[in-house]
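Descriptive analysis of the structure
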Amino acid sequence: MLRRIRIVVSAILLVLIGLFFLDFAELLPMQVHAIAQVQLVPALLALNGVVIVALVVLTLVFGRIYCSSVCPLGVYQDVVSRLRKWTSNKKTKKRYKYLPPLNWLRYGFLVLMVLAFVSGLHVLVGLLDPYSAFGRMSVHLFKPLYQAGNNLLFSIFTSFGDHTFYKTGIYLLSIASLVVALITIATVSILAWRNGRIYCNTVCPVGTTLGLLSRFSLFQIRFDSSACTLCGSCARNCKSSCIDFKHMTVDSSRCVTCFNCIDSCSESGLQYRLPRKGEALVQKLAAPNAPGMKPARKATATASATATTSTLESTTVSTHLISGQGTTAPMVSTTRPAFASRRRFLAALGVTGLAAARLSAEMTLRLGSKRDIRRTLPIMPPGAGNFERFTEKCTSCHLCVAKCPTQVIKPSFLDYGLGGMLQPMMNFDHQFCNYDCTLCSDVCPTGALLPLTREQKNLNQMGVVQLYLENCIVYTDETSCGACSEHCPTQAVHMVYYKDSLTIPEIEPEICVGCGGCEYICPAKPWKAIFVEGLTAHNTISLDFEEAETKEIDDFGF
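Description of the overall build of the protein
Along its length, the protein carries 23 helices and ten strands. When the accessible surface of the protein is summed, it comes to about 30,800 Å², and 63% of that surface belongs to carbon and sulfur atoms.

And the structure:
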């Protein structure tokens, strides 16, 4: 019964969290993002005392319920383990067994995460946080598949005249983030396929932290010595490999309370209960060399020595053959072909150099005095405040990336430095930031993006407009444009008289909010004439609106 309840709760939470990352049509209510706020690392960074205390109390009473049902990466591992069980036949079906705890590895990753946070290498904090790892997998791997499925349904339904679905663009947000997501899902999936929850009990610092608390939890999986027959069924079904049935002990620091052991025991030899009178709260584990424990496998020195000898012998034989010893085959001279290939290479290099020089000269003549635009500072999403606070609290979960309706928030590479790698920044290649949109700051679970009202967002300056007139088509082609001014919500970009009947852009950086509308719409090529430069700290602009005069109109007003 307990196992079924756990499966239902885990499935519901996994579906809700996953769909919240995938939902580009905003079908789910915004209240669902509260699930992201109850994740441990985001709660710690957001200093959410209520959630932190609730998770600590939950663990001290019931054990690692968080790892079992709340953590999406943990539930994902259960899904992989279940797939392995369903796809394996009886002969190759995976069975688990008790493994001694790898404490040096567990606490090593925990110390590494703490040191990374203190030293400012926040990229490691994001990589080790299980919620953020699941978020990157969802955004960069699962969401494109979800969007592709939506576009397929759009094509099918549209062919029948039904416009229930609409087509959405699928973009490669970041090569670095895609690679990280692929490495993460491969590592977690392989470990879960082979060894169940070994990732949670060796790599995940959240699992290690909660494991320290769960050793003292009131409710634990305990043996009933009068009912247990030492059949070992519980250990074979324990995906945490924490049940030593021969000594009737359960390592509660690694147990994720999945209740598989209880469900598999036909003799009721295992129970999830409080300690009985005279029974220790913390279950003592058997020493690694205790009777009944299998010693760890050691690589034999003979095989290694044989391999080394074989390698040395093959190297010696190769050396003799090269030097001409031990063989009667004549040496063939390769001097002339080498010189011939070298001459061909130099000739090809010379031709390529002349072509490149000619192309460069043609490009210089064609571009004239046009100026290459280079953004020196990344543009932080609205609500970031300042650079230090933003990079310290962001774990690169990419929820803001997933929820941005115009997809202008993308993962960075080294724009924030090595410590801020993969953290979100604004990019206006395909769209610009909606002037009234506050969705990214509303869903951020760590407080890296502080919530903004619509009025606050309208005055939040996240970048400053820059204008290079030598790139503007009004200046270079003497043709009318004004697209940048039409897309500026604050008129930080406006048109002024240039010559004849032409007007040219003029900027007021002090009232620019950095939405990127001007940069996105600018038609100048190959370089934009106008773009947004980032700021190390966001500002608040001041807009003066002139009130329209009210006049009383008699009759019809004309």
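Now, onward.
Quick look at a nonpolar patch on the surface
Where nonpolar side chains cluster on the molecular surface, the patch consists of Val56, Leu60, Phe216, Leu218, Leu274 and Leu281 and spans about 450 Å² of accessible area. With respect to the helices, strands and loops of the structure, Leu274 is situated in the loop between strand E4 (270-273) and helix H15 (301-323).

Re the packing of aromatic side chains
Applying the stated criterion across every chain, the model contains twelve aromatic pairs. Seen from their ring centres, Phe390 and Tyr416 are 5.7 Å apart, and the 55 degrees between their planes marks the pair as tilted. Taken together, the residues span a long stretch of sequence, with Phe390 in helix H17 (residues 387-393) and Tyr416 in the loop between strand E5 (409-411) and strand E6 (424-426) at a distance of 26 residues. Judged by its relative accessible area of 8%, Tyr416 is buried. When the centroid spacing of 5.6 Å and the interplanar angle of 65 degrees are considered together, the rings of Tyr468 and Phe531 count as edge-to-face. Of this pair, Tyr468 sits in the loop between strand E7 (460-467) and helix H21 (473-476) while Phe531 sits in strand E10 (residues 530-540); the two residues are 63 residues apart in sequence, bridging distant segments of the chain. Looking at Tyr468, the relative accessible area reads 13%, which means it is buried. Residue Phe531 is classed as buried on the basis of its relative accessible area of 2%. A network of ring pairs unites the aromatic residues Phe62, Phe219, Phe259 and Tyr272 as a single cluster. Between the NZ or CZ atom of Lys403 and the centre of the ring of Phe20, over which it lies, the distance is 4.3 Å.

So, helix H9 (residues 130-159)
For H9, built from 30 residues, the straight-helix expectation of 44 Å at 1.5 Å per residue is met to within 8% by its first-to-last C-alpha distance of 42 Å. The axis of H9 is deflected most strongly, by about 45 degrees, at Phe142, and proline Pro144 appears within four residues downstream. Gly161 lies just past H9 and shows a positive phi near 80 degrees.

Notes on unusual backbone geometry
Between Lys525 and Pro526 the backbone carries a cis peptide bond, its omega angle lying at 0 degrees. Residue position: Pro526 is located in the loop between helix H23 (517-521) and E10. Here the phi dihedral of Ser396 falls at roughly 60 degrees; this positive angle occurs in a residue that is not glycine. Position of Ser396 among the secondary structure elements: in the loop between H17 and helix H18 (399-403).

Side note on the layout of surface pockets
Empty space among the atoms can be located by rolling a probe the size of a water molecule over them. One number sums up the size of the second largest pocket: a volume of about 650 Å³. Taken together, the elements giving at least two residues each to the lining of the second largest pocket come down to helix H1 (2-22), helix H6 (72-87) and helix H14 (260-264). Per-element accounting of the lining of the second largest pocket gives the leading share, nine residues, to H6. In terms of residue class, the lining of the second largest pocket is built from ten nonpolar, five polar and twelve charged.

Section: the pattern of salt bridges
Counted under the stated rule, the structure contains seven salt bridges. With a closest N to O distance of 3.0 Å, Asp78 and Arg197 form a salt bridge. Taken together, the residues Asp78 in helix H6 and Arg197 in the loop between helix H10 (175-195) and helix H11 (198-202) connect sequence positions 119 residues apart. The class for Arg197 is buried, based on a relative accessible area of 1%. One salt-bridge network, in which partners are shared between bridges, spans Arg6, Asp78, Arg197 and Lys239.

Examining the nonpolar core
Core analysis: the biggest nonpolar cluster contains 90 residues, and Tyr66, Leu73, Phe390, Leu399, Ile409 and Met426 have the highest contact counts within it. Ranked by the residues each element gives to this core, the list is headed by H9, at six residues. When residues no more than four places from it in sequence are discounted, the contact partners of Ile409 are Pro381, Cys400, Val401, Cys404, Pro424, Met425, Met426 and Cys440. With 15 residues, the next largest nonpolar core counts Cys242, Val250, Cys255 and Cys261 among its residues.

Concerning the packing of helix H4 (residues 49-62) against helix H12 (residues 205-214)
Running from N to C, H4 and H12 point in directions that differ by 55 degrees, and their axes come no closer than 8 Å. With respect to their mutual orientation, H4 and H12 come out oblique. Where H4 crosses over H12, the handedness of that crossing is right-handed. Contacts from Val56, Thr59 and Leu60 of H4 reach H12 at Leu210, Leu213 and Ser214. Of the residues in the contact of H4 with H12, the class split is four nonpolar, two polar and no charged.

So, how was this worked out
- Residues numbered from 1 in each chain as written.
- Predicted model: local features only at pLDDT ≥ 70, side-chain atom pairs only at ≥ 80, totals over all residues.
- Heavy atoms only, no water.
- Helix = DSSP H or I, 4+ residues; strand = E, 2+ residues; numbered from the N terminus.
- Areas by Shrake-Rupley, 256 points an atom, 1.4 Å probe, with all protein chains shown as cover.
- Patch = residues over 30% accessible without salt bridge, like charges linked within 9 Å, V, L, I, M, F, W, Y side chains within 5 Å.
- Salt bridge = Lys/Arg side-chain N within 4 Å of Asp/Glu carboxyl O.
- Phe/Tyr/Trp six-rings, centres within 6.5 Å; stacked < 30°, edge-to-face > 60°.
- Buried < 20%, exposed > 50% of the residue type's maximum accessible area, 1.4 Å probe, protein only.
- Lys NZ or Arg CZ within 6 Å of the ring centre and 35° of its normal.
- Expected span 1.5 Å × (residues − 1).
- Bend = angle between axes of the 7 residues up to and from the residue.
- 1 Å grid on protein atoms, 1.4 Å probe; cavity = no way out; pocket = protein on both sides within 12 Å on 5 of 7 lines; lining within 4 Å.
- Points joined across faces, edges and corners; volume = space filled by probe spheres on them.
- Nonpolar A, V, L, I, M, F, W, Y, C, P; charged D, E, K, R; others polar.
- Core = buried A, V, L, I, M, F, W, Y, C linked by side-chain atoms within 4.5 Å.
- Contact = heavy atoms within 4.5 Å.
- Axes fitted to C-alpha atoms, helices over the stretch in contact; angles between N-to-C directions.
- Parallel < 35°, antiparallel > 145°, perpendicular 65-115°, else oblique.
- Left-handed = near helix turned anticlockwise from the far one by under 90°.

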